Amino acid sequence: MTTKIIVGNLKMNLITLSERDGYLKLLKSEIKKLKNDGSWELILCVPFVHLDFFSKNLKGKNIYLGVQNIFWDERGSFTGEISPVMARECGAKYSIVGHSERRRYFKENDQEVNKKIKVAIQSQITPIMCIGETSDERKEGLTKDVISRQLLDGLEGILPLQSEKIIIAYEPVWSVGSDIEPESNEIMEVRILVRKLLTQKYGEAVAGKVKVLYGGSVKSKLIKKVCFNPQMDGVLVGRESLVPVNLIEIVQSFSQC
Ligand code: PEP
């Protein structure tokens, strides 16, 4: 049985302690409905300030915590930034890197993404590297070029053994937060391209171990589209992860496909 990975990205939500507590309570009661049969793994990427709390209060087989960003160095005079070591020490095993919202609002580029991936691996944090084309790039037929550039520049200097630890999330920017869903053949084409590029760079055995997820307006209804034809290894869920019942429904439907 293959284990499907479901990543929840809570973004900048649960802004009060009571929202945080209410969310955790609901999530725990929903999680009880899941069969712990190895068919799923849930990675909840929480706001930094809640990491320690979730780490102490959300335990469970196949449930892990992550953060939504890290800085590209471990320590130093970088006012306001969060070191991957800090995240790890507070309970994170994963970090989203290069999310489209960070690329868009904070102008993160592929070189910064690359540095973050390197420091994550060095700090025993598994990076979940987001790649995806914008709506304009898609209209101009640039999807493959953008995906290739983001993937190869982001993985520059990463050795085969290190690459096995990376999770790639294909998140078409036009679908993130928009409720516009790609067709399954669009998702499949990108999955094939990513596998091809990884195989060219690292060889088939290593490339086969890298998990490739889909993200963008994922709801449980979309799961069939994402898992049957394109056979993705998992999904990255934004808004729907804020509603525990919806998130767990996604885990249930995805682990069954
Ligand atoms: C995301 O945050 O990466 C995401 C895919 O968001 P949404 O599911 O809300 O589109």
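Residues numbered from 1 in each chain as written. Predicted model: local features only at pLDDT ≥ 70, side-chain atom pairs only at ≥ 80, totals over all residues. Heavy atoms only, no water.

*Asks:* Teacher, can you tell me more about the pairing of strand E1 (residues 4–9) here?
*Replies:* Look at any regular strand and the pattern is simple: side chains alternate between the two faces of the sheet. Most of E1 is tucked away: six of the six residues are buried. The side-chain alternation of E1 yields two buried faces, one formed by Lys4, Ile6 and Gly8 and the other by Ile5, Val7 and Asn9. Handedness of the crossover is the feature at issue here: the chain leaves E1, passes through helix H1 (residues 17–31), returns alongside strand E2 (residues 40–45), and the resulting connection is right-handed. Judged from the four bridges that link them, E1 and strand E8 (residues 234–237) form a sheet pairing that is parallel. (Buried < 20%, exposed > 50% of the residue type's maximum accessible area, 1.4 Å probe, protein only. Helix = DSSP H or I, 4+ residues; strand = E, 2+ residues; numbered from the N terminus. Right-handed = clockwise from strand over helix to strand, strands pointing away. Pairing = 2+ DSSP bridges.)

*Asks:* Quick question: what am I supposed to make of the sheet that holds E1 here?
*Replies:* As a general point, the strands of a sheet are linked pairwise by backbone hydrogen bonds and lie either parallel or antiparallel. Read around the closed barrel, eight strands run E1-E2-E3-E4-E5-E6-E7-E8, paired in parallel fashion. For this sheet the average axis-to-axis angle between neighbouring strands, irrespective of direction, equals 25 degrees. Sheet topology note: the strand E3 (residues 63–67)/strand E4 (residues 94–97) ladder contains two bridges and is parallel. When the bridges of E4 are listed, Val67 appears paired with Ser95. (Axes fitted to C-alpha atoms, helices over the stretch in contact; angles between N-to-C directions.)

*Asks:* Sorry if this is basic, but what is going on with the site of the ligand here?
*Replies:* Within the structure, the ligand sits among 15 residues, and Lys11, His99, Glu171, Gly177 and Arg239 are positioned closest to it. Here Asn9 contributes a side-chain N or O atom positioned 3.1 Å from an oxygen atom of the ligand. The fraction of the free accessible surface of the ligand (290 Å²) that becomes covered by protein chains is 99%. When its residues are assigned to classes, the shell around the ligand shows four nonpolar, eight polar and three charged. (Near = heavy atom within 4 Å. Polar contact = N/O pair within 3.5 Å; in protein donor to acceptor, adjacent residues only side chain to side chain. Areas by Shrake-Rupley, 256 points an atom, 1.4 Å probe, with all protein chains shown as cover. Nonpolar A, V, L, I, M, F, W, Y, C, P; charged D, E, K, R; others polar.)

*Asks:* Honestly, unusual backbone geometry in this entry has me stumped. Any pointers?
*Replies:* A negative phi holds for most residues other than glycine; trans holds for most peptide bonds. You will see that Asn62, though not glycine, has its phi angle at about 70 degrees, which is positive. Here Asn62 is to be found in the loop between helix H2 (48–57) and E3. Its identity is not glycine, yet Gln124 carries a phi of approximately 60 degrees, on the positive side. On the basis of relative accessible area, Gln124 is assigned to the exposed category, the value being 56%.

*Asks:* Mind showing me how you'd approach the nonpolar core here?
*Replies:* As a rule of thumb, nonpolar side chains are buried together in soluble globular proteins. Grouped together as the largest cluster of nonpolar side chains are 62 residues, with contacts concentrated most on Ile6, Leu44, Phe54, Leu58, Val194 and Val235. Examining the composition of this core, we find that seven residues originate from one element, helix H9 (residues 184–202), more than from any other. For Leu44, the residues in contact, after removing those within four places along its chain, are Gly8, Leu10, Tyr23, Leu27, Phe54, Leu58, Tyr64, Leu65, Gly66 and Leu247. Val7, Tyr94, Ala169 and Leu236 belong to the second largest nonpolar core, which has 12 residues in total. (Core = buried A, V, L, I, M, F, W, Y, C linked by side-chain atoms within 4.5 Å. Contact = heavy atoms within 4.5 Å.)

*Asks:* Just to check I follow, could you spell out the environment of Lys211 for this structure?
*Replies:* Mapped onto the secondary structure, Lys211 falls in strand E7 (residues 211–215). Residues Lys211 and Ile167, spaced 44 residues apart in sequence, show a C-alpha to C-alpha distance of 5.1 Å.

*Asks:* Help me understand the layout of surface pockets in this model?
*Replies:* Think of a ball as big as a water molecule: rolled over the atoms, this probe shows where empty space is left. Of the volumes computed, that of the largest pocket is approximately 560 Å³. Among the secondary structure elements, those contributing two or more residues to the lining of the largest pocket are H2 and helix H4 (100–105). Among the residues forming the lining of the largest pocket, the class breakdown is 12 nonpolar, seven polar and four charged. (1 Å grid on protein atoms, 1.4 Å probe; cavity = no way out; pocket = protein on both sides within 12 Å on 5 of 7 lines; lining within 4 Å. Points joined across faces, edges and corners; volume = space filled by probe spheres on them.)

*Asks:* Honestly, the state of the cysteines in this entry has me stumped. Any pointers?
*Replies:* Each disulfide consists of one covalent bond between the sulfur atoms belonging to two cysteines. For the structure shown, the criterion picks out zero disulfides. You can see Cys90 has no disulfide; the closest cysteine sulfur is in Cys45, sitting 15 Å from it. Just so you know, Cys130 is unpaired, no disulfide at all, and the nearest cysteine sulfur is the one on Cys45, 9.0 Å from it. Here Cys130 falls in the buried class, since its relative accessible area comes to 2%. (Disulfide = S-S within 2.5 Å.)

*Asks:* Looking at this model, I keep getting lost on the pairing of E8. Mind explaining?
*Replies:* Covered by surrounding structure in E8 are Gly234 and Leu236 together with Val235 and Val237, the residues of both alternating faces. As paired strands, E7 and E8 are joined by three bridges and run parallel to one another. Residue pairing for E8: Gly215 is matched across the bridge by Leu236.

Bear in mind that shape data such as this cannot, by itself, settle questions of function.
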